[in-house]
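# Summary of structural features
The primary structure of each chain is shown beneath.
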Amino acid sequence: MKYIIMLGDGMADEAIASLGGKTPLEYAHTPNMDRVAGEGTQGLVDTIPAGLSAGSDVANLAVLGYDPRQCYTGRGPLEAANMGVPLGPKDVAFRCNLITLGGATGRQLVDFTADHIPSDAAKIIIQDLDKQLGSDSLSFFPGVSYRHLMRWKEGVGEMETIPPHDITGREIDGFLPSGAGAGQLIELMRRAQVFLEGHPVNRNLIGKGRKPANAIWLWGQGRAPALEPLTVKYNLKGGMISAVDLLNGIGVYAGLKVLPVARATGYTDTNYLGKAAKALEALEELDFVFLHVEAPDEMGHEGNLSGKIKAIEDFDAKIVGPILAGITRFDAFRVMVLSDHPTPVTLMTHGAGPSPFAVFSFRREENRAEGQPFGETAARAGKILVSPGHLLMGKFIGDWRSFVAEKHHPA
């Protein structure tokens, strides 16, 4: 049996008046996801446990079958795993965004991505930050675009931090780290801003009409988690396809093989077709592939309605379509499409509500085949809710026929 999960990050949304009361997912032209839902089984999955932040880290752990309440320690250590940054038992890894501050006071968070700074430019900045501000205990590591890492050896990780994408357009002073150890982080961020103000890379970016990466934002801290590999948990060999360190890091801890794809960017210009081809190629040897696309989430954070619709349509046409066409080369298979969490364009940040999922099996008796299109409204009408969400993976890999027959309800 071959299994593939195709996840459009942040695809789920809310009804929008200008779309005739439809969500972006319902408004977009998605014949391939509609086929999975209409010929398969559609429902809602609750990936964000009460009390945990609505983020891709928590949500994707749940999608892969892990209970975030038991294993989630923070976003930073998950990204560190993919970047090859070792963590001792007392070390704390922080996500380090390059951001743009501005506005009348110079303290407004104008762009949490620093204008989606190119990775080559960002690498120079992060390496220079490490030379300038690093020490025996503090180190900076370059990642992709605006997404980087800071490691604090034997550091403090219990302070409160805020994701920068939650405060776009706001003055940062009310959202700085708080609690034990926060003073050291705030001072580090202040020194970084002073250093970056006149950095040659930023002068070059400004000269090209781009926003500068004139500050850093530290958040998502945690210590190394302990996850049971999927090779043990579900007795399968699997792979992870994603352009972002977070998902690949989850894959590393989950025992999945990280499968790189050329020109995969984590944005709307990503290599969709290359990801689909890599997934089908990998399934020749592996049992399971998790294919993640970040673009819908990025458009949600930007509040870009037309961009989100386009990202969803690209996901459908260039990921789901080729996978459905190619998966039939295998005698036995199940495919799943879903959103990990909502990222409403009106809010420009993550939501914690359930998201739609749909599963299609090669076995006719494992499909409800109700003929409904894929989307939030139809998923609610189907009256299937998987809650807590980490139960879905076990059903998908295991006895899906019994799950469909009993029309699963919340635990």
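Coordinates for the structure precede this section.
Please read all numbers here as calculations on a predicted model, not as lab measurements.

Analysis parameters
Residues numbered from 1 in each chain as written. Predicted model: local features only at pLDDT ≥ 70, side-chain atom pairs only at ≥ 80, totals over all residues. Heavy atoms only, no water. Helix = DSSP H or I, 4+ residues; strand = E, 2+ residues; numbered from the N terminus. Buried < 20%, exposed > 50% of the residue type's maximum accessible area, 1.4 Å probe, protein only. Contact = heavy atoms within 4.5 Å. Areas by Shrake-Rupley, 256 points an atom, 1.4 Å probe, with all protein chains shown as cover. Expected span 1.5 Å × (residues − 1). Bend = angle between axes of the 7 residues up to and from the residue. Salt bridge = Lys/Arg side-chain N within 4 Å of Asp/Glu carboxyl O. Pairing = 2+ DSSP bridges. Axes fitted to C-alpha atoms, helices over the stretch in contact; angles between N-to-C directions.

### Focus: the overall build of the chain
Summing up its helical and strand segments, the chain has 16 helices and 13 strands in all. Referenced to the eigenvectors of the C-alpha coordinate spread, the extents of the chain come out at roughly 65 × 50 × 35 Å. By the burial criterion, 57% of the 411 residues in the chain qualify as buried. A sequence separation of at least 24 residues applies to 74% of the contacts in the chain between residues at least 6 apart. As displayed, the chain has an accessible area near 15,800 Å², and 50% of this comes from carbon and sulfur atoms.

### Topic: helix 13 (residues 305-327)
When the terminal C-alpha atoms of helix 13 are compared, their 31 Å separation across 23 residues agrees well with the 33 Å that a helix rising 1.5 Å per residue should span. Approximately 30° is the largest bend angle found in helix 13, and it occurs at valine 320, with the proline proline 322 only one to four residues beyond.

### Thoughts on the pattern of salt bridges
Enumeration over the complete set of coordinates arrives at 16 salt bridges. The closest approach of N and O atoms between arginine 69 and aspartate 67, which form a salt bridge, is 3.0 Å. Across the pair arginine 147 and glutamate 298 runs a salt bridge whose closest N-O atoms are separated by 2.9 Å. You can see arginine 147 sitting in strand 6 (residues 147-152) and its partner glutamate 298 sitting in helix 12 (residues 295-302), a full 151 residues away along the chain. Like arginine 147, the residue glutamate 298 is buried in the burial classification. A network of salt bridges, in which partner residues are shared, links Arg75, Glu79 and Arg95.

### Considerations on the pairing of strand 11 (residues 333-338)
The two faces of a sheet get side chains in turn, since along a regular strand they alternate between them. With 6 of its 6 residues buried, strand 11 lies for the most part within the structure. Both strand 1 (residues 2-8) and strand 11 contribute to a ladder of 6 bridges, which runs parallel. Opposite tyrosine 3, over in strand 11, you have arginine 334 as the bridge partner. Here strand 11 runs beside strand 12 (residues 355-361); their pairing, made up of 5 bridges, is antiparallel. Within strand 12, the position partnered with arginine 334 by the bridge is serine 361.

### Description of the environment of alanine 358
One can find alanine 358 in strand 12. On the accessibility criterion, alanine 358 (0% relative accessible area) is buried. Setting aside chain neighbours within four positions, we find alanine 358 in contact with Val36, Ala37, Thr41, Gln42, Val335, Met336, Val337 and Phe374.

### Overview of the environment of valine 293
Note on placement: valine 293 falls in strand 10 (residues 288-293). Residues valine 293 and isoleucine 241, spaced 52 residues apart in sequence, show a C-alpha to C-alpha distance of 8.6 Å. With near-sequence residues (within four places) excluded, valine 293 lies in contact with Leu7, Gly8, Asp9, Tyr272, Lys275, Phe315 and Ile319.

### Focus on the pairing of strand 8 (residues 238-241)
Neither face of strand 8 is left uncovered, since the one carrying Gly238 and Met240 and the one carrying Gly239 and Ile241 both have all their residues buried. With 4 bridges connecting them, strand 8 and strand 10 associate as parallel partners. From the neighbouring strand, glycine 239 faces strand 10, where its bridge partner is valine 289. Summarising the sheet, strand 8 and strand 9 (residues 257-258) pair through 2 bridges and their orientation is parallel.

### Some words on the sheet that holds strand 1
Across the sheet, 8 strands lie side by side as 9-8-10-1-11-12-2-13; this open sheet has mixed pairing. Pairing within the sheet leaves two strands with one partner each, and these edge strands are strand 9 and strand 13 (385-386). Here helix 11 (residues 272-282) sits on the sheet in contact with strand 1, strand 8 and strand 10, set at roughly 170° to strand 10.

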